[in-house]
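# Structural overview
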2 protein chains.
Amino acid sequence: MSPFLHLCQQTIGANYVLSEQDEMLTYLTDQRQREVGKALAVLSPANSEEVAALVRLCAEHQIAIVPQGGNTGLVLGSIPDQSGNSIVLSLKRLKRIRKIDAANNTMTVEAGCLLAEVQAAAQGADRLYPLSLASEGSCTIGGNLATNAGGTAVLRYGNARELCLGLEVVTAAGEIWDGLRALRKDNTGYDLRDLFIGSEGTLGIITAAVIKLFPIPKSEVTALIALADVNAALGLLSLVQEHTGASLTGFELFSDFCLQLVHKHFAELPKIFSRSHPQYVLIELSSSETQEHTRTQLENLLASALQSGLILDVVIANSLSQAAAIWKFRELISSAQAREGKNIKHDISIPVSQIATFISATDTLLQTAFPACRMVCFGHLGDGNLHYNVSPPAHQHANDFLLAQAQVNRIVHDSVHRHHGSISAEHGIGALKKEEILLYKSPLEIRLMQAIKEALDPHQLMNPGKVIGVRHETTSLD
Amino acid sequence: MSPFLHLCQQTIGANYVLSEQDEMLTYLTDQRQREVGKALAVLSPANSEEVAALVRLCAEHQIAIVPQGGNTGLVLGSIPDQSGNSIVLSLKRLKRIRKIDAANNTMTVEAGCLLAEVQAAAQGADRLYPLSLASEGSCTIGGNLATNAGGTAVLRYGNARELCLGLEVVTAAGEIWDGLRALRKDNTGYDLRDLFIGSEGTLGIITAAVIKLFPIPKSEVTALIALADVNAALGLLSLVQEHTGASLTGFELFSDFCLQLVHKHFAELPKIFSRSHPQYVLIELSSSETQEHTRTQLENLLASALQSGLILDVVIANSLSQAAAIWKFRELISSAQAREGKNIKHDISIPVSQIATFISATDTLLQTAFPACRMVCFGHLGDGNLHYNVSPPAHQHANDFLLAQAQVNRIVHDSVHRHHGSISAEHGIGALKKEEILLYKSPLEIRLMQAIKEALDPHQLMNPGKVIGVRHETTSLD
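About the thresholds
Residues numbered from 1 in each chain as written. Chains lettered and ligands numbered in written order. Predicted model: local features only at pLDDT ≥ 70, side-chain atom pairs only at ≥ 80, totals over all residues. Heavy atoms only, no water. UniProt positions renumbered as here; feature names shortened; annotations may be inferred. Least-squares fit on C-alpha atoms with pLDDT ≥ 70 in both. Helix = DSSP H or I, 4+ residues; strand = E, 2+ residues; numbered from the N terminus. Contact = heavy atoms within 4.5 Å. Axes fitted to C-alpha atoms, helices over the stretch in contact; angles between N-to-C directions. Parallel < 35°, antiparallel > 145°, perpendicular 65-115°, else oblique. Left-handed = near helix turned anticlockwise from the far one by under 90°. Expected span 1.5 Å × (residues − 1). Buried < 20%, exposed > 50% of the residue type's maximum accessible area, 1.4 Å probe, protein only. Polar contact = N/O pair within 3.5 Å; in protein donor to acceptor, adjacent residues only side chain to side chain. Pairing = 2+ DSSP bridges. Arc of directions from axis to C-beta. Domains from an automatic or database assignment. Buried area = accessible area lost by both parts, 1.4 Å probe. Salt bridge = Lys/Arg side-chain N within 4 Å of Asp/Glu carboxyl O. Disulfide = S-S within 2.5 Å. Phe/Tyr/Trp six-rings, centres within 6.5 Å; stacked < 30°, edge-to-face > 60°. Lys NZ or Arg CZ within 6 Å of the ring centre and 35° of its normal. Core = buried A, V, L, I, M, F, W, Y, C linked by side-chain atoms within 4.5 Å.

Labelled according to an unreviewed UniProt entry, chain A appears under the name FAD-binding oxidoreductase, originating from Undibacterium parvum. Reading the Cofactor (unreviewed entry) entry of the UniProt record for chain A gives the comment "FAD". UniProt's Sequence similarities (unreviewed entry) comment on chain A is quoted here verbatim: "Belongs to the FAD-binding oxidoreductase/transferase type 4 family."

Take a look at the structure:
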């Protein structure tokens, strides 16, 4: 064992320094099993002070650090590279709910708390923490903040960023910044909080956070709506926003092909509509009104939309279990697509007003370049966020199609760029899209990011090779 | 005329380079008439390109720049210092509404648009831009963003920060960063937007922004409620939040002494309650429900609060003009206090759960140190934001009392710090509180801010002497 690892053992205890390959494997393996990184060790400190002590040790020995929460990220942001020179610093033992202040609608949590645990603790205090993602049972709140996680409730409550009031961060020099403010208004200097949020561990390590809580809605109504096309879905979004305001907490789009895939791979699910329609929208309203009031509101709205021809059919859930059944169609699309075979995924966002144009233009480009490729397009329409995935033609072997991944990515991302969108709406950059963003961001923006990286992590030890590269040219900002 | 000013004239036209003292006076004078700065000139470029050209010129000649919007700030952030070596760069000619995208609920505006003009343009597109402040007729959207303005609608819609999706910024090197994204989700790198927002022109100059729009509420109900103490107001806040959720758009507290001052100096106003009560709360609900529904909801809620003894009396507005009349009591407090004479102001925030404790503890400390001093305490209780002002004892001359300003500030700000609050909730730091924040922020936080300042403005030309000083020690972050 190296002197460095020996010092790590002295700092956090030998049990929490893993250096055998088999012990480290789950920490080194990407969520989608695409890559396995290499590391000197996996370190699991117990608290912020131990995190800081380890960072100081790493700084002294110039060892790079890959911070890791639940390791559920999709862009290779939380596993080390192949050099084998870095350590993985797992935050999973920082699991305390430090404080719940129901009267202030805030909760102070440590980075390693699972998102589901955070949701449950809020519920226990008769409050809602609205962040909700597919991986909520295994992702951590620290990882959610480091990647500015999104999910299904962004439309009403915002991303992880908007749900956070304060942070505790261990800097690249191993100092603890106590920015755990629980204030709705605080204009006393630069917004360090939002700089660390979404920086994917490249500027410092989030060890705790003050998050916002909300009253638990008293009613929740879910409906599935059939439509002729994406334009109709946009018209419906506008109508529902106008008439329900902040009660609209979910507006999810998926195509008929998505629904077909779900039925094919989950044959036990009942058919919802007697015949198929080109597009579907899942609407969720929730509010402090009674269940009856909210339901009547949605019924009236959708009845008028049916009458005007804006929508083709509708089913409104009569119970919580029916609502869950409707959500299941939306939630199972990813699994159904995985069972269908490998495919090429894109996590993009577009101004809502441009979405129909974008889908139609990009579908055409792809169908021209790859005849009979199958579009699996679904997502959070209310946020302009689409999972715009491409499956191979039915007759083609997936591995052959995947050889064209770079070309498919280029067609989609170029089209996103032309439509003023983002090539990573909610998953981040990690190592996966680090080169890709160089194609779409201005050199100035990259230089501004590099200047900040150098200012806060001068020795480039914090999650190196993620988000942004080191500045090569010697030109300074002036 | 100096060669530098001659070049400025060539760049933006001689009409837009003011260098005579009398022409410059309004640009050099602080909003509260406390200070008049000195400048080489006031420059008024027409567009972002001219701003960038002027910044490059300033960088070449090492001339400091004080960016200015409506010059309505309260912390000496938008006027130059006494050196006379800097220029004021007024953004007021950048007045275009570049784009309204109603389907995306966004609007792209230039920095010099007045807030009231932005509100009106949104209204014209059947949308709401909810930022609302006392100075909305003269402050600019660029200034609102540079200072992360707050106001009365933060409870529901957030600060200027939360209402912005993208920025265009001229950097300290005179380059134009196009970050005008109109996306709800975009995780492609460091959050430069939020770094520039609230940095008070010390990191770059905001020249345009994409701001969020909302559906216009269909109903609006305002009520004035009398209560026994601040604790009861907090109980009421909790009750109303639980039952009305996102419909609660205003929750303003003021004491009986505030109301007395308003009646004293605006004698034409009618009495609202037949007798006086210790505290008052103004509640505003607005939502997409009908006026009748929202009114009934508030009536029922307040009837039960009356019955349980939580509140002492209540008046609900029957019309828009009655609602405006109720708001007037809240809005006139500042003017009434000004007519009463000079006083010592504090713009603070405290976790909502701590507000009653804070007010009681701090009142006692002040009354002990300054017997018979008069507390003028009012503010946005829902955000934990108080304007905690202190008027001299009735018999004392204001100027004598103001000699004790530093001591009063120290008592209040120390107490704010003990209660985990902020000494500048919505007005910012400027030159006024630059020394004050050094007492309450950790040295680490100050060093992080300085590192960012040096990274983005290495020659310290952007609004020098505001927010943060130059780093004196040579210790680096590692």
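### Focus on the relation of the copies chain A and chain B
In this structure, two copies of a chain are linked by a rotation about an axis accompanied by a shift along it. Relative to chain B, chain A is turned by 180 degrees and slid 0.0 Å along the rotation axis, the superposed coordinates differing by an RMSD of 0.0 Å. One copy is carried onto the other by what is essentially a two-fold rotation axis.

### Looking at the side chain of threonine 294 of chain A
Mapped onto the elements, threonine 294 of chain A comes out in helix 10 (residues 291-307). When sequence neighbours within four positions are dropped, the list of residues in contact with threonine 294 of chain A reads Ser219, Val221, Leu285, Ser287 and Glu289 of chain A.

### Description of the packing of helix 13 (residues 355-369) of chain B against helix 15 (residues 405-418) of chain B
All names here are of chain B. Contact pair helix 13 / helix 15: the axes reach a minimum separation of 10 Å and the direction vectors enclose 155 degrees. Considering their axes alone, helix 13 and helix 15 lie roughly antiparallel with respect to each other. Where helix 13 crosses over helix 15, the two elements pack in a sense that is right-handed. In contact with Phe358, Thr362, Leu365, Leu366 and Ala369 of helix 13, helix 15 contributes Val408, Ile411, Val412, Ser415, Val416 and Arg418.

### Thoughts on helix 3 (residues 48-61) of chain B
Residues and elements named next belong to chain B. Compared with an ideal rise of 1.5 Å per residue, which puts 14 residues at 20 Å, helix 3 spans 20 Å between its outermost C-alpha atoms and is within 8% of the ideal. Taken residue by residue, helix 3 has Ser48, Glu50, Val51, Ala52, Ala53, Leu54, Val55, Leu57 and Cys58 as its buried positions. Between the side-chain oxygen of the N-cap and the backbone nitrogen of glutamate 49 there are 3.2 Å, and the N-cap of helix 3 in question is asparagine 47. Phi for glutamine 62, located one or two positions after helix 3, is positive at around 50 degrees.

### Observations regarding the UniProt feature "domain: FAD-binding PCMH-type" (unreviewed entry) in chain A
Mapped onto the present numbering, the UniProt feature "domain: FAD-binding PCMH-type" (unreviewed entry) falls on residues 35-216 of chain A. Counted over residues 35-216 of chain A, helix gives 21% and strand 25%. Its end C-alpha atoms are 40 Å apart.

### Here's the deal with the sheet that holds strand 9 (residues 176-179) of chain B
Reading across from one edge, 5-6-10-8-9 (chain B) is the order of the five strands in this open sheet, with antiparallel pairing throughout. Across the chains shown, the open sheet's two edge strands, defined by having one partner strand only, are strand 5 (97-101) and strand 9 of chain B. Strand-to-strand twist across the sheet, computed as the mean angle between neighbouring axes with direction ignored, equals 15 degrees. Contacts from helix 17 (residues 443-456) of chain A reach strand 8 (164-171) and strand 9 of chain B, with the element oriented near 95 degrees to strand 9 of chain B.

### A word on helix 12 (residues 333-340) of chain B
Residue and element names in this part refer to chain B. Listed as buried for helix 12 are Ile333, Ala336 and Gln337. Angularly, the buried residues of helix 12 cover 100 degrees about the axis, an arc narrow enough to put them on a single face. Away from its buried face by more than 90 degrees, helix 12 exposes Ala338 and Arg339. As for helix 12, its buried residues are in contact with strand 13 (248-255), helix 9 (256-265), helix 11 (320-331), strand 17 (374-380) and strand 18 (385-391). Looking one or two residues past helix 12, glycine 341 carries a phi angle of roughly 130 degrees, positive in sign.

### Here's the deal with the domain arrangement of chain A
All names here are of chain A. Domain parsing of chain A yields domain 1 (3-90), domain 2 (97-215), domain 3 (219-334) and domain 4 (341-418). Taking only C-alpha atoms into account, the centre of domain 3 sits 24 Å from that of domain 4. Contact with domain 3, which involves 16 residues of that partner, is made by 15 residues of domain 4. Counting each side, the surface lost to burial between domain 3 and domain 4 is near 1,300 Å², with a carbon and sulfur contribution of 71%. In this assembly, domain 3 and domain 4 are joined by zero salt bridges.

### Let's talk about the state of the cysteines
Think of a disulfide as a covalent bridge from one cysteine sulfur atom to another cysteine sulfur atom. Tallying each qualifying case throughout the model produces zero disulfides over all chains. Cysteine cysteine 58 of chain B remains unbridged, with the sulfur of cysteine 8 of chain B as its closest cysteine sulfur at 5.8 Å.

### Here's the deal with the environment of glutamine 82 of chain B
Residues and elements named next belong to chain B. Relative to the elements of secondary structure, glutamine 82 occurs in the loop between strand 3 (65-68) and strand 4 (87-90). Exposure remark for glutamine 82: the relative accessible area of 41% places this residue in the partly exposed category. Sequence spacing of glutamine 82 and valine 36 is 46 residues, and the spatial spacing of their C-alpha atoms is 8.1 Å. Setting aside residues up to four positions removed in sequence, glutamine 82 forms contacts with Glu35, Val36, Gly37 and Lys38. Only 2.8 Å separates the side chain of glutamine 82 from the backbone oxygen of valine 36, close enough to count as a polar contact. Within polar-contact distance, the side chain of glutamine 82 engages the side chain of lysine 38 at 3.0 Å.

### Some thoughts on the sheet that holds strand 5 (residues 97-101) of chain A
Residue and element names in this part refer to chain A. Ordered by their spatial adjacency, five strands build an open sheet running 5-6-10-8-9, and the pairing between neighbours is antiparallel. Either end of the sheet is taken by a strand with one partner, and the two such strands are strand 5 and strand 9 (176-179). Sheet twist, expressed as the average angle between the axes of neighbouring strands with direction ignored, equals 15 degrees. Strand contacts of helix 3 (residues 48-61): strand 5, strand 8 (164-171), strand 9 and strand 10 (204-212), with the helix running at about 40 degrees to strand 8, the strand carrying the most contacts. Its contacts with the sheet put helix 4 (residues 115-124) on strand 5, strand 6 (106-110) and strand 10, and the angle it makes with strand 6 is roughly 145 degrees.

### Notes on the packing of aromatic side chains
This structure, assessed with the given rule, holds 12 aromatic pairs over all chains. The residue whose ring lies beneath arginine 156 of chain A is tyrosine 157 of chain A, and the NZ or CZ to ring-centre distance is 4.5 Å. The aromatic ring of tyrosine 16 of chain B is capped on one face by arginine 93 of chain B, whose charged end is 3.3 Å from the ring centroid.

### Quick word on unusual backbone geometry
Not every positive phi belongs to a glycine, and histidine 420 of chain A is a case in point at roughly 60 degrees. Structurally, the position occupied by histidine 420 of chain A is in the loop between helix 15 (405-418) and helix 16 (436-440). One non-glycine residue, glutamate 200 of chain B, lies in the positive phi region at around 55 degrees. For glutamate 200 of chain B, the location among the structural elements is in the loop between helix 7 (192-196) and strand 10 (204-212). The exposure class assigned to glutamate 200 of chain B is buried, which follows from its relative accessible area of 8%.

### Regarding the pattern of salt bridges
Under the criterion given, the structure shown has 42 salt bridges over all chains. Lysine 185 of chain A serves as the salt-bridge partner of glutamate 426 of chain B, at 2.9 Å between the closest nitrogen and oxygen. With glutamate 426 of chain B in the loop between helix 15 and helix 16 (436-440) and lysine 185 of chain A in the loop between strand 9 and helix 7 (192-196), this pair bridges two chains. Here the two residues glutamate 426 of chain B and lysine 185 of chain A agree in accessibility, since each one is buried. Overlapping salt bridges bring together Arg96, Arg98, Glu110 and Glu168 of chain A as one network.

### Comments concerning the nonpolar core
Nonpolar side chains in soluble globular proteins tend to be buried together. Core analysis: the biggest nonpolar cluster contains 188 residues, and Leu236 of chain A together with Leu236 of chain B have the highest contact counts within it. The residues touching leucine 236 of chain B, leaving out its near neighbours within four places in the chain, are Ile225, Leu227, Phe251, Val281, Ile283, Leu302, Ala305, Leu310 and Ile311 of chain B.

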